[in-house]
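One-letter residues, chain by chain:
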Amino acid sequence: MLSYEDEKFYKFLERMVFVTHQSNSYDREAYVQLIQEICEHYKLARGEAGFYLSADHEARGEGEIFCDFDNGNSDHVGVFVRIESKSGAIIIGKILVPEGHSFDDPKAKDHLEMLLRVILGWVSRSRLQQKVEEFAYSDERGYPNFRAFARFLMKKNRTNGLGGMVSMYFDLHNYTMVNSQIGRAGGDLVMRNYYNMIAEAIGDTGILCRLGGDKFIGLFERSARRQVFEILSGVPVLYDEKNGKRIRVSAAAGVFMMPKPFMIRTPSDIMDKIMVSGAVAKNQTDGAIVIFDDKMKSERERIKKVQSAFHAGLEKEEFKVFYQPKVNVETGELVGAEALCRWFQNGKIVPPMEFIPVLEIGTEICDLDFYMLDHVCRDIRRWLDAGIDVVRVSVNFSRKHLVDVDLLEHIMEVLDRNKVPHEYIEVELTETTTDVLFRDLKRIVSGLQERGIWTAVDDFGMGYSSLNLIREIPWNVLKIDKNFVPKDNEPENRVASLMFKHVTSLAQDMGMECVVEGVETVNQLDVLRSNHCSIAQGYFFDKPLPVEEYEARLLRKYYELPEGLIPISESEQPAQTAEPGHES
C-alpha cells in the first residue's frame, strides 16, 4: 500500500505530465499553481530552470533562466539536474532550500528530481521549438527573414486578404557611406531604428522583413502607404541617443499596389514585380519610389531575354571589339584607342545601351569585360607579330570586379597567356559609382601599376567624389566626360569653361595624362589646345572602328589637322605625363 508521501508524489507527477504535455497549449495559471503547491509541500525556497543553446553558451552565461517560485529564503542547492539534449542544448534545473532544511521523507529528494526532470523535459522541448521558429523565420540579427514574409503572404492569400494591400522592396540609399561615416556599430543601430520606424508605421496587420545586407521587403495595408512612403523618402534617424546625433536615411523602393481582388500562386508573383520596380528606383534619385506597371513587366521580359542570350553570344563570339582612336591634338598622331563592345545578333547590331545596363544588373558584365580584354590582347599580339607599330589600348572594367580578391591575378593571366607587354594595356574604371570603398579601388589601381599596366578614371566629373578619387588614388590617366567640355561659343568666364580649365590644369600638375571624350567640333579642339589638354577622343577624328578599319588606321598613324587652329606656344607645353606605377 502506498504511503501518503508516495501517493502525494504520484498525484503531483500525474498533474505535471498533464499540464506540461498538452498538444496545443498549456494552462499557465494551472502550471504556476502546481509549482507553488509542490514547493510548499516539500518546504522548498526556490525552483529554477536554465536553458542554454550549447555548452559554450552555458560557460559564458548566455542563456535563459525561468523561476516561478521564490520565497526569498533560498540558501543552498538541494537538488541539481543537468541535461544535454541531442541537439547540444543544455538544460539545468535547481531546487534551492533554506539552511538546515531536511526532507521528512527519505524518498522526497528522488521524487523532486523526477518532477524536476519532467519540468526540464518540457522546458527543453518548448524552448527548442521556439528556437527552431526563430532560426527558421529570423536572420542572424533577429530581423524577420524571407521565410517569414512568404509565410505571412501565403496566409493572407489563403484568406483572400491580399486585395488592396501594398508590397514593397527597398534598400537603403548609400548605406556603405553611412557605415564609413559613423562606424559599423552606428550603422547597425541606424538600420535597426529605421526598420523600427517603418515597422511601426506598417503595424500588426503587415510585415517587414530583411532579405540581407540593407535590403528589405514588406507587405502592408494601403492606409499606411503615406506614412511608409514618407519614411522611405528620407527621415533623420537617431544613432547616438546620449548626444542626440542623427543622420538622414532614405531608400530606393519598388512598390506593387495590389488590385481587388488579387490572388497569387507563389511568392515569386509578388517578388518579380517589386524587384523590377526596385531596380528602376535604384537608378533614380535619393529616396525614389517606383510603382510597378505593365511597362515594367515587358522590360523585365526584355531583361530576361538579354540575359539568356548573353552566354550563348559569348560562346558564338557575337561580341566584337571596336576601337575608337585617341589623337594628339598638337600633332594629329594616333596615340591610343579605347576598346568598345558591339553585339551582332543575326546580322544586326544590338545598341550598347540595350544590353550593357542589363549585364550590369548581375555579374555578367564581368564576363564581358574579360572577354573584351582577351580579344584585345589577341589583336595586339597579332599586330606585334606583323611588325605593326602598336599603341596603348584602354579596356573598360566594371566596379563589380572589386569584390574579386584575385582580380589582379585574373587580369595578369589574360595578358601573359597572350604574351602581351603590359604597357600596351590600360584599365578604365568608371567614376560614377558613389559608394565604392576607396581602399579596394586603391588596392587594384596600385596593383595594376606595380605590374606596369596603365589605369584611367573614366567619366571624371560625373560623380560626387571626383576630387577625393584623384587625391586618394594614383591614376595614370584622367578621362574627362564630354558633358564637362565647354560648348561651342561658350564664354570663357562661364562656369563650365572655368571648371574645364582648372581640371585639366590640375591633371597636368599631378602628372596625369588628360584625355577628353566626345570631341566633335573644331571649337572644342581649340579649347583642348588652349588648355594644353593634348589627347582627344571623339567623332571629330573617328567613330569606333571595326578591327580591320582600325588596323588600317594604325598603319597610317596620323590624322590631318584642320587649318586655322589656335597655335600652341612651345614655351607653354603641358607637363610630362606619368609613367605606369607613378605615385601622384
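Structure: see above.
Figured I'd write up the structure that's included with this text. (Residues numbered from 1 in each chain as written. Predicted model: local features only at pLDDT ≥ 70, side-chain atom pairs only at ≥ 80, totals over all residues. Heavy atoms only, no water.)

1. Some thoughts on helix α1 (residues 4-20)
Taking 1.5 Å of rise per residue, the 17 residues of α1 would be expected to cover 24 Å, and the 24 Å separating its terminal C-alpha atoms lies within 8% of that figure. For α1, every residue scored as buried is listed here: Asp6, Phe9, Phe12, Leu13, Met16, Val19 and Thr20. Along the axis of α1, the buried residues cluster in a sector spanning 160°; they form a single face. Opposite its buried face, α1 presents the exposed residues Tyr4, Glu14 and Phe18, each directed more than 90 degrees away. (Helix = DSSP H or I, 4+ residues; strand = E, 2+ residues; numbered from the N terminus. Expected span 1.5 Å × (residues − 1). Buried < 20%, exposed > 50% of the residue type's maximum accessible area, 1.4 Å probe, protein only. Arc of directions from axis to C-beta.)

2. Here's the deal with the environment of Ile92
The residue Ile92 is located in strand β4 (residues 90-97) in this model. Overall, Ile92 belongs to the buried group, its relative accessible area being 10%. Note: C-alpha distance between Ile92 and Lys479 (387 residues apart in sequence) is 68 Å. Once residues lying within four places of it in the same chain are set aside, the contact partners of Ile92 are Glu48, Ala49, Gly50, Tyr52, Glu58, Phe80, Val81, Arg82 and Leu120. (Contact = heavy atoms within 4.5 Å.)

3. Quick look at the sheet that holds strand β1 (residues 46-52)
Taken in spatial order, the four strands of this open sheet run β2-β1-β4-β3, and their pairing is antiparallel. Every other strand in the sheet has two partners, leaving β2 (64-70) and β3 (76-84) as the edge strands with one partner each. Across the sheet, the axes of successive neighbouring strands diverge by a mean angle of 15°, strand direction being ignored. Of the strand pairs in this sheet, β1 and β2 are connected by six bridges, and their pairing is antiparallel. Looking across to β2, one finds that Arg46 is bridged to Asp70. (Pairing = 2+ DSSP bridges. Axes fitted to C-alpha atoms, helices over the stretch in contact; angles between N-to-C directions.)

4. Re the pattern of salt bridges
Under the criterion given, the structure shown has 32 salt bridges. For Arg417, the salt bridge is made with Asp374, and the minimal N-O distance between the two is 3.0 Å. Of this pair, Arg417 sits in helix α12 (residues 407-417) while Asp374 sits in helix α11 (residues 364-385), and the two are 43 residues apart along the sequence. One salt bridge in this structure joins Arg417 and Glu413, with 2.8 Å as the shortest N-O distance. You can see Arg417 and its partner Glu413 sitting in helix α12, four residues apart, about one turn around the helix. Classification of Arg417 as partly exposed rests on a relative accessible area of 46%. Judged by relative accessible area, Glu413 falls into the partly exposed class, the value being 40%. (Salt bridge = Lys/Arg side-chain N within 4 Å of Asp/Glu carboxyl O.)

5. Concerning the sheet that holds strand β11 (residues 289-291)
Two pairing modes exist for strands in a sheet, parallel and antiparallel, and in both the strands are linked by backbone hydrogen bonds. What the five strands build is an open sheet, ordered β6-β7-β5-β10-β11; its pairing is mixed. A strand with exactly one partner marks an edge of an open sheet, and here the two such strands are β6 (207-212) and β11. Taking the axes of each pair of neighbouring strands and ignoring which way they run, one obtains an average angle of 20° across the sheet. Bridge analysis of strand β5 (residues 166-172) against strand β10 (residues 251-257) gives seven bridges, and the strand direction is antiparallel. Its bridge partner being in β10, Phe170 is matched across the sheet by Ala253.

6. A word on the packing of aromatic side chains
A full pass over the atoms with the stated rule returns 21 aromatic pairs. Pairing Phe541 with Tyr559 gives two aromatic rings, centres 5.6 Å apart and planes at 70°, and the pair type is edge-to-face. One end of the pair, Phe541, is in the loop between β20 (535-537) and β21 (545-546); the other, Tyr559, is in the segment after α17 (547-556), and 18 residues separate them in sequence. Directly above the aromatic system of Phe256 lies the positively charged group of Lys273, at a separation of 5.4 Å from the ring centroid. Lying across the ring of Trp454, Arg392 places its NZ or CZ 3.7 Å from the centre. (Phe/Tyr/Trp six-rings, centres within 6.5 Å; stacked < 30°, edge-to-face > 60°. Lys NZ or Arg CZ within 6 Å of the ring centre and 35° of its normal.)

7. Looking at the environment of Glu48
Tracing the backbone through its elements, the reader meets Glu48 in strand β1. Looking at Glu48, the relative accessible area reads 17%, which means it is buried. Linking Glu48 and Leu314, residues 266 residues apart in sequence, is a C-alpha distance of 67 Å. Those residues within four positions of Glu48 in sequence are excluded, and the remaining contacts are Ile65, Phe66, Cys67, Ile92, Gly93 and Lys94.

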